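Structure at a glance
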Amino acid sequence: MKLRWNTVGGKLGLVFCVAGLALIWAGWNGAATYNDIRKQFPYLISGGIAGLALVVIGVGLMVIQSQRADRVQLEANLVELRLILERMTGVAVTDGSADAGLVVAGPSAYHRPDCKLVAGRDLRRITADQAIAAGLEPCRVCGVGEVDVDLDLPSPGPASGTRGR
């Protein structure tokens, strides 16, 4: 029999709860055999406190196991949703850490992901080629569509009429 470690917490929690309830019953049964409260008290204390502790530990284990199972199901749903989005849009969905080649598409222009005009807005991310094909203009603020300029031009000297301040 192969033991599945991902379900041990729930089963162990159930065992702890049953053992705790059995200990509470044994304490109650032991106390019920005496009429004198001084003789009942040790049974109620030892059986009741130890049994209650086992029940609390068992319930805690079952709650933790339930949360773990829910997390696994949620992660599986998110992976499936990511695959569906990639198939629908044709763009690989990223986690936001690597935005290489992606731009943010606004209503009439496309921007760099760090552009101050689209900061904090939830807009779709597409490639620059897709933005151009959709007829969007490049942003004039962040300069996403600017062409690199050759900066090897000679700087103007003092004879050009500019003053150095």
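This one's a predicted model, so the numbers in the text were calculated from it and none came from an experiment.

**Some points on the nonpolar core**
Counting six residues, the largest nonpolar core is built from Val 103, Ala 105, Tyr 110, Ile 126, Ala 131 and Leu 136. Residues Val 104, Cys 115, Val 118 and Cys 139 belong to the second largest nonpolar core, which totals five residues.

**A closer look at the packing of helix H1 (residues 8-32) against helix H2 (residues 37-89)**
Packing of H1 against H2 brings their axes to within 7 Å, and their N-to-C directions diverge by 165°. Our classification of the angle between H1 and H2 gives roughly antiparallel. In the packing of H1 onto H2, the handedness of the crossing is left-handed. For the contact of H1 with H2, the per-class residue count stands at 20 nonpolar, 12 polar and no charged.

**A short note on the confidence of the model for the protein**
Considering every residue of the protein, the mean pLDDT works out to 78; 77% of them sit at 70 or more. Per-residue pLDDT, averaged within each element of the protein, yields its smallest value for strand S1 (residues 102-105) (72) and its largest for H1 (91). Confidence drops under pLDDT 50 across residues 147-153; counting only partners more than four residues distant or on other chains, this segment forms zero contacts.

**Quick notes on the side chain of Gln 65**
Tracing the backbone through its elements, the reader meets Gln 65 in helix H2. The exposure class assigned to Gln 65 is buried, which follows from its relative accessible area of 13%. With residues up to four places along the chain from it excluded, the contact list for Gln 65 reads Asn 6, Thr 7, Gly 9 and Gly 10.

**Here's the deal with the environment of Gly 30**
For Gly 30, the position within the fold is in helix H1. Through-space distance from the C-alpha of Gly 30 to that of Leu 44 is 8.1 Å; in sequence the pair is 14 residues apart.

**Things to note about the pattern of salt bridges**
Inspection of every chain in the model, using the stated rule, returns two salt bridges. For Arg 38, the salt bridge identified is with Asp 36, shortest N-O distance 3.2 Å. For Arg 38, a relative accessible area of 66% corresponds to the exposed category. With a relative accessible area of 27%, Asp 36 lands in the partly exposed category. Glu 75 serves as the salt-bridge partner of Arg 71, at 3.9 Å between the closest nitrogen and oxygen. With Arg 71 and Glu 75 both in helix H2 and four residues apart, this pair spans about one turn of that helix.

**Things to note about a nonpolar patch on the surface**
There is a patch of nonpolar side chains on the surface, built from Leu 21, Ile 24, Leu 52 and Val 56 and spanning about 360 Å² of accessible area. As for its placement among the helices and strands, Leu 52 is situated in helix H2.

**Points about H1**
Its 25 residues give H1 an end-to-end C-alpha distance of 36 Å, which sits within 8% of 36 Å, the value for a rise of 1.5 Å per residue. Along its buried surface, H1 packs onto H2.

The rules behind each value
- Residues numbered from 1 in each chain as written.
- Predicted model: local features only at pLDDT ≥ 70, side-chain atom pairs only at ≥ 80, totals over all residues.
- Heavy atoms only, no water.
- Core = buried A, V, L, I, M, F, W, Y, C linked by side-chain atoms within 4.5 Å.
- Buried < 20%, exposed > 50% of the residue type's maximum accessible area, 1.4 Å probe, protein only.
- Axes fitted to C-alpha atoms, helices over the stretch in contact; angles between N-to-C directions.
- Helix = DSSP H or I, 4+ residues; strand = E, 2+ residues; numbered from the N terminus.
- Parallel < 35°, antiparallel > 145°, perpendicular 65-115°, else oblique.
- Left-handed = near helix turned anticlockwise from the far one by under 90°.
- Nonpolar A, V, L, I, M, F, W, Y, C, P; charged D, E, K, R; others polar.
- pLDDT = per-residue confidence, 0-100.
- Contact = heavy atoms within 4.5 Å.
- Salt bridge = Lys/Arg side-chain N within 4 Å of Asp/Glu carboxyl O.
- Patch = residues over 30% accessible without salt bridge, like charges linked within 9 Å, V, L, I, M, F, W, Y side chains within 5 Å.
- Areas by Shrake-Rupley, 256 points an atom, 1.4 Å probe, with all protein chains shown as cover.
- Expected span 1.5 Å × (residues − 1).

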